[in-house]
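Overview (structure and organization)
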Amino acid sequence: MDATEGNARILNLVLLLPRQNAPPFSNVFCVLIMGPLRFHQESRPSADAKDCSLMSFPRAKKVKKALQPEWLKSLLKRTFFESSCATHPVLKNELNQYCVTCTELICQNCASGPKHVLHKVITIYKHSYKAVVRIDAMREHIDCSQIQPYKSNKLSVIALEPLPHHGSVKWRRASSCKTCRRKLANPNLYRYCSISCKVRAVLKKSDHSVPPFILLKEDQKEEAGTSKRVNKRKGTPARAPFF
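Sequence order as written defines the numbering, with residues in each chain counted from 1. Local features in a predicted model are, by the rule used here, given only for residues with pLDDT of at least 70; side-chain atom pairs are given and counted only at 80 or more, and totals for whole chains, interfaces and linings are based on all residues. Side-chain measures here rest on the full set of heavy atoms in the structure, leaving out hydrogens and waters.

What to know about the overall build of the chain
A helix here means a DSSP run of H or I that spans at least four residues, while a strand means a run of E at least two residues long, and both kinds are numbered starting from the N terminus. Helix and strand counts for the chain come out as 8 helices and 6 strands. Beginning at the N terminus, the succession of helices and strands in the chain can be written as α-α-α-α-β-β-α-β-β-α-β-β-α-α. With 243 residues in all, the chain has 27% of them scored as buried. Per-residue accessibility takes into account occlusion by the displayed protein chains alone, with areas from the Shrake-Rupley method and a 1.4 Å probe. Total accessible area on the chain is roughly 18200 Å²; 55% of this is exposed by carbon and sulfur atoms. Accessible area is worked out with a 1.4 Å probe on protein chains only. A residue is then buried under 20% of its type maximum, exposed over 50%, and partly exposed in between.

So this is what it looks like as structure tokens:
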């Protein structure tokens, strides 16, 4: 028996009762009509109530994407100096170039070729068996402030990942990297020993409007501009003509 048939039977029983024993018709109306309607309204989800588990995760993912560019995320996952270029099989033709535009590992011949000649390319060097980049070249793409530089063949470079330790790894908190706790040569000027350490610190901070930053100021403005919703009207409204 469905709800409609049950309500009809209750209404018939009420009408058959003597007038002195019958409840007021307004009460019957409230029970049979307003009751299901009120239940239906209460069962509907409120406009203000939002499922945090479904709404917060995509938003946090978008925020992290805005804090760290995709090409840098791909660069930090790469492994260098382990294979040669398949397009140009020349002796010792290592993949020591990274194309920021294509997010690909390339060799020197690929960088000067027609495909990548107009792209942004970063040269990768080796220092203490780790991949490093020139700080002057990296400053054109990210904010390299507070990252400790090193000297490698008279070049000022910064490491992609933390360099290996020599000796004890227990240092004072004030004189070590804020992420991996490796010793810093000049803790008064630098707070991170590599690019990846600064990226981790940027992604972990609660207030994204305060330093450290990994994006340049121009890139931050561009990300903020693209995140805003743009509403374009389909046409120019016109007043109706008077007759």
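A look at unusual backbone geometry
In the segment running from P211 into P212, the intervening peptide bond is cis, with an omega of 10 degrees. You can see P212 is positioned in the loop between helix 7 (195–204) and helix 8 (217–227). If you check the backbone angles, T103 has positive phi at about 55 degrees while not being a glycine. Relative to the elements of secondary structure, T103 occurs in the loop between strand 1 (97–99) and strand 2 (104–106). Owing to a relative accessible area of 26%, T103 belongs among the partly exposed residues under this scheme. With a phi angle near 55 degrees, S128 is a residue other than glycine that sits in the positive phi range. Within the secondary structure, S128 is located in the loop between strand 3 (121–127) and strand 4 (130–134). For S128, a relative accessible area of 34% puts it in the partly exposed group.

Considering the sheet that holds strand 1
Any two strands between which DSSP finds at least two bridges are classified as paired. In space, the 6 strands of this open sheet follow the order 2-1-3-4-6-5, with antiparallel pairing throughout. One side of each edge strand has no neighbouring strand; the edge strands of this open sheet are strand 2 and strand 5 (150–152). Direction aside, the axes of adjacent strands within the sheet are offset by 45 degrees on average. Looking at chain direction, strand 4 and strand 6 (residues 155–159) are connected through 3 bridges and run antiparallel. The residue of strand 6 that forms the bridge with R134 is V157. Axes here refer to lines fitted to C-alpha atoms; in helices the fit is confined to the stretch in contact. Angles between the N-to-C directions go from 0 to 180 degrees.

A look at a positive patch on the surface
Candidate patch residues must exceed 30% relative accessible area and have no salt bridge, after which like charges are joined if within 9 Å and Val, Leu, Ile, Met, Phe, Trp or Tyr side chains if within 5 Å. Salt bridges are counted wherever a side-chain nitrogen of Lys or Arg sits within 4 Å of a carboxyl oxygen of Asp or Glu. By the counting scheme adopted, Arg and Lys are positive, Glu and Asp are negative, and His together with the chain ends is not counted. By convention, charge coordinates are those of NZ in Lys, CZ in Arg, CG in Asp, or CD in Glu. There is a patch of like positive charges on the surface, built from R173, K178, R181 and R191. Looking at where K178 falls in the secondary structure, it is placed in the loop between strand 6 and helix 7.

Considering the pattern of salt bridges
Evaluated as defined, the whole model comprises 4 salt bridges. Among the salt bridges present, the one from R139 reaches D136, with a minimum N-O distance of 3.7 Å. We note a salt bridge from R200 to E161, for which the minimum N-O separation is 3.8 Å. With R200 in helix 7 and E161 in the loop between strand 6 and helix 7, this pair connects stretches of sequence that are 39 residues apart. Owing to a relative accessible area of 38%, R200 belongs among the partly exposed residues under this scheme.

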